[in-house]
Amino acid sequence: MFLERFHSVRDGRIHISAVQASQFAKEIAGDFNPIHDPDARRFCVPGDLLFALVLSRFGLSGNMTFKFRNLLGDGVPVTFRENGDGSIEVCDDAGKVYLDVTRNGACSRDPEVLEAVTRCYVAASGKNFPHTLKPLMERHGVMFNPERPMVMYESMSVNLDDLDARNPELTLHQATLEAVGKRGHVTLEYHLHADGRPVGTMAKQLVLGGLRPYSPEAMAGVIEEFYRLKARGIR
């Protein structure tokens with residue numbers, strides 16, 4: 001599968017290097033969040049890559065919820081463990097859980113469908129900032145810390161009525177932001193179509209850190225830096 005370049009398997013454990021994670025974020029997700037740069041002080045593996053690896057190993061179920069519990073660092077060996085109730089945990093040798101997944105309904109293991117849905121879903125991350133988040137924050141009068149912009153996944157969900165999702169297209173249906181103290185909770189809701197027909201919905205919940213009053217000047221600087229990093233990353 002196309003994910004082979006972005007992880008390795010040794011002694012039954014999954015290893016994801018900072019370079020592999022960064023390549024996935026930039027090349028597949030179109031995500032240039034600085035937290036996924038190999039030299040980032042608080043580097044973490046993209047949640048999209050963990051999502052993709054779960055689908056490749058366990059298939060696509062009609063209903064799935066992914067909850068991110070901890071940040072996964074560079075090269076930490078993890079096990080993708082299926083429990084007796086069908087739930088899945090991504091954990092390290094010490095038992096620390098980074099992601100847990102609940103699922104039910106029919107399951108597809110069609111490689112063509114899995115890759116198409118994966119690519120479609122994670123590519124939406126490339127539109128999070130500035131396309132969706134900038135106007136959302138501006139509308140609510142808040143923004144993240146421009147010196148250390150923190151945007152991280154809290155959870156993801158999939159609800160499909162039809163698993164024969166070939167040629168999928170994801171359309172943003174609604175974006176909401178709830179500010180709670182210094183944190184912002186963003187929900188992005190999508191409609192999924194395949195070959196032109198509706199097949200279900202998907203959603204992503206994000207956390208914004210260091211909220212403060214919105215500043216057009218500060219946001220302009222963040223956007224300028226974003227595009228500078230993007231230009232450097234795609235060379």
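Located above this text is the structure these notes cover.
Residues numbered from 1 in each chain as written. Predicted model: local features only at pLDDT ≥ 70, side-chain atom pairs only at ≥ 80, totals over all residues. Heavy atoms only, no water.

## Some thoughts on the pattern of salt bridges
Alright, step 1. Counted under the stated rule, the structure contains 14 salt bridges.
Alright, step 2. With its nearest N and O atoms 2.4 Å apart, the salt bridge here joins Glu89 to Arg81.
Alright, step 3. For Arg81, a relative accessible area of 38% corresponds to the partly exposed category.
Alright, step 4. Across the pair Asp110 and Arg166 runs a salt bridge whose closest N-O atoms are separated by 2.5 Å. Here the residue Asp110 occupies a position in the loop between strand E6 (97–108) and helix H3 (111–123), and Arg166 occupies one in the loop between strand E8 (151–160) and strand E9 (168–180), the gap between them amounting to 56 residues.
Alright, step 5. With relative accessibility at 25%, the residue Arg166 sits in the partly exposed group.
Alright, step 6. Overlapping salt bridges, with partners in common, bring together Asp110, Glu112, Asp164 and Arg166 in one network. (Salt bridge = Lys/Arg side-chain N within 4 Å of Asp/Glu carboxyl O. Buried < 20%, exposed > 50% of the residue type's maximum accessible area, 1.4 Å probe, protein only. Helix = DSSP H or I, 4+ residues; strand = E, 2+ residues; numbered from the N terminus.)

## Concerning the packing of helix H2 (residues 47–58) against H3
Alright, step 1. Two numbers describe how H2 lies on H3: the axes approach to 10 Å, and their chain directions differ by 165°. Taken together, H2 and H3 sit at an angle that is classed as roughly antiparallel. In the crossing of H2 with H3, the sense of the turn from one axis to the other is right-handed. Note on element contacts: H3 touches H2 through Leu114, Thr118, Tyr121 and Val122, opposite Asp48, Phe51, Ala52 and Leu55.
Alright, step 2. For the contact of H2 with H3, the per-class residue count stands at six nonpolar, one polar and one charged. (Axes fitted to C-alpha atoms, helices over the stretch in contact; angles between N-to-C directions. Parallel < 35°, antiparallel > 145°, perpendicular 65-115°, else oblique. Left-handed = near helix turned anticlockwise from the far one by under 90°. Contact = heavy atoms within 4.5 Å. Nonpolar A, V, L, I, M, F, W, Y, C, P; charged D, E, K, R; others polar.)

## Here's the deal with the pairing of E9
Alright, step 1. Here 12 bridges tie E9 to strand E10 (residues 183–194), and the two strands are oriented antiparallel to one another. Across the sheet, Glu169 pairs through a bridge with His193, a residue of E10.
Alright, step 2. From the end of E9 to the start of E10, which pair antiparallel, there are two residues, and Gly181 there has a positive phi angle of about 60°. (Pairing = 2+ DSSP bridges.)

## Notes on the packing of aromatic side chains
Alright, step 1. Tallied over the full model, the rule gives eight aromatic pairs.
Alright, step 2. Between Phe129 and Phe144 the ring centres are 5.7 Å apart and the planes differ by 50°, which places this aromatic pair in the tilted class. Here Phe129, found in helix H4 (residues 128–140), pairs with Phe144, found in the loop between strand E7 (142–143) and E8; they are 15 residues apart in sequence, far enough to count as distant.
Alright, step 3. Judged by its relative accessible area of 2%, Phe144 falls in the buried class.
Alright, step 4. Aromatic pair Phe129 and Phe226: ring centres 5.5 Å apart, planes at 85°, arrangement edge-to-face. Here Phe129 is found in helix H4, whereas its partner Phe226 is found in helix H5 (residues 216–233), with 97 residues between them in sequence.
Alright, step 5. The buried category is assigned to Phe129, whose relative accessible area is 12%. (Phe/Tyr/Trp six-rings, centres within 6.5 Å; stacked < 30°, edge-to-face > 60°.)

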